[in-house]
Amino acid sequence: MPASTETDSQTNAVFEREKKLLVEIWQALRLRLTDTGMEDALNVIPRPELAQYRLQVDPFDGSETLVGTWLDTHGSQTGEVQIRPNGSVYAEVDVVRDHPNDVRWFVESVTAWGNRQEIKTELRLLPAI
């Protein structure tokens, strides 16, 4: 079996194993936008299965992190999700909109981090110009 096929198979296996957690991350990101009054931006959070996945090997300990990348129609990255072997997670998705409740801020992205037991989220804000 060619290495790329074996790698794809391993990536798919990890994706299937982590699918529930990926959906929880997706829901947490969407909830943060909803709680902020940004329901109109919910479509910027792509479903987990729309990401391109790979396994990223840590050069120090050899552990494999599942990394998913979301791309726009032009091939530019709009977000990323990571699940590390210890269950810690990180995700970030571009939002790029004015803050709906505070004109002093521009929402650059929404991020999620934590672990299988608790996922926290926040908006990454920039001062409005």
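Residues numbered from 1 in each chain as written. Predicted model: local features only at pLDDT ≥ 70, side-chain atom pairs only at ≥ 80, totals over all residues. Heavy atoms only, no water.

## Let's talk about the nonpolar core
The biggest cluster of nonpolar side chains holds 28 residues, and the ones touching the most others in it are Ile-25, Leu-29, Leu-33, Ile-45, Val-95 and Val-110. Elements represented by at least two residues in this core include exactly helix H1 (3–35), strand S1 (52–57), strand S2 (64–71), strand S3 (77–83), strand S4 (89–98) and strand S5 (105–114). Considering every element that reaches this core, the biggest residue donor is H1, with 8 residues. Excluding residues within four positions of it along the chain, Val-95 makes contact with Leu-33, Met-38, Ala-41, Val-44, Val-107, Glu-108, Ser-109 and Val-110. (Core = buried A, V, L, I, M, F, W, Y, C linked by side-chain atoms within 4.5 Å. Buried < 20%, exposed > 50% of the residue type's maximum accessible area, 1.4 Å probe, protein only. Helix = DSSP H or I, 4+ residues; strand = E, 2+ residues; numbered from the N terminus. Contact = heavy atoms within 4.5 Å.)

## Quick look at the pattern of salt bridges
A complete count under the given rule lists 7 salt bridges for this structure. In this structure, Glu-24 and Lys-20 form a salt bridge, with 3.0 Å as the shortest nitrogen-oxygen distance. Within this pair, Glu-24 and its partner Lys-20 are both found in helix H1, separated by 4 residues, close to a single helical turn. Accessibility expressed as a relative area gives 27% for Glu-24, which makes it partly exposed. Exposure remark for Lys-20: the relative accessible area of 63% places this residue in the exposed category. Here Glu-92 and Arg-124 are joined by a salt bridge, their closest N and O atoms 2.6 Å apart. Of the two residues, Glu-92 sits in strand S4 while Arg-124 sits in strand S6 (residues 119–127), which places them 32 residues apart along the sequence. (Salt bridge = Lys/Arg side-chain N within 4 Å of Asp/Glu carboxyl O.)

## Some remarks on the side chain of Thr-65
One can find Thr-65 in strand S2. Exposure remark for Thr-65: the relative accessible area of 12% places this residue in the buried category. In this structure Thr-65 touches Arg-54, Leu-55, Gln-56, Gln-82, Ile-83, Arg-84 and Pro-85, once residues within four positions along its chain are discounted.

## Digging into the confidence of the model for the chain
For the chain, per-residue confidence averages 93 on the pLDDT scale, and 95% of positions sit at 70 or higher. Taken element by element, the predicted model of the chain shows its lowest mean pLDDT in H1 (91) and its highest in S3 (98). (pLDDT = per-residue confidence, 0-100.)

## A look at the sheet that holds S5
On the basis of which strands lie adjacent, the open sheet formed by 6 strands has the order S1-S2-S3-S4-S5-S6 and antiparallel pairing. Since the sheet does not close on itself, it has two edges, and those belong to S1 and S6, each with one partner. Shown here is a sheet whose adjacent strand axes are inclined to one another by a mean of 20 degrees, direction ignored. As defined by bridge partners, S1 adjoins S2 across 6 bridges and the pair is classed as antiparallel. The residue bridging Arg-54 from the neighbouring strand is Val-67, located in S2. (Pairing = 2+ DSSP bridges. Axes fitted to C-alpha atoms, helices over the stretch in contact; angles between N-to-C directions.)

## Comments concerning the pairing of S3
Burial analysis of S3 places 5 of its 7 residues in the buried class, the great majority of the element. Where S2 meets S3, 6 bridges bridge the pair, whose relative direction is antiparallel. Each residue of the ladder has a partner; that of Gly-68, found in S3, is Val-81. Hairpin remark: S2 followed by S3, antiparallel, with 5 residues in the connecting loop; positive phi at Gly-75, about 90 degrees. Bridge count between S3 and S4: 5 bridges; the pairing is antiparallel.

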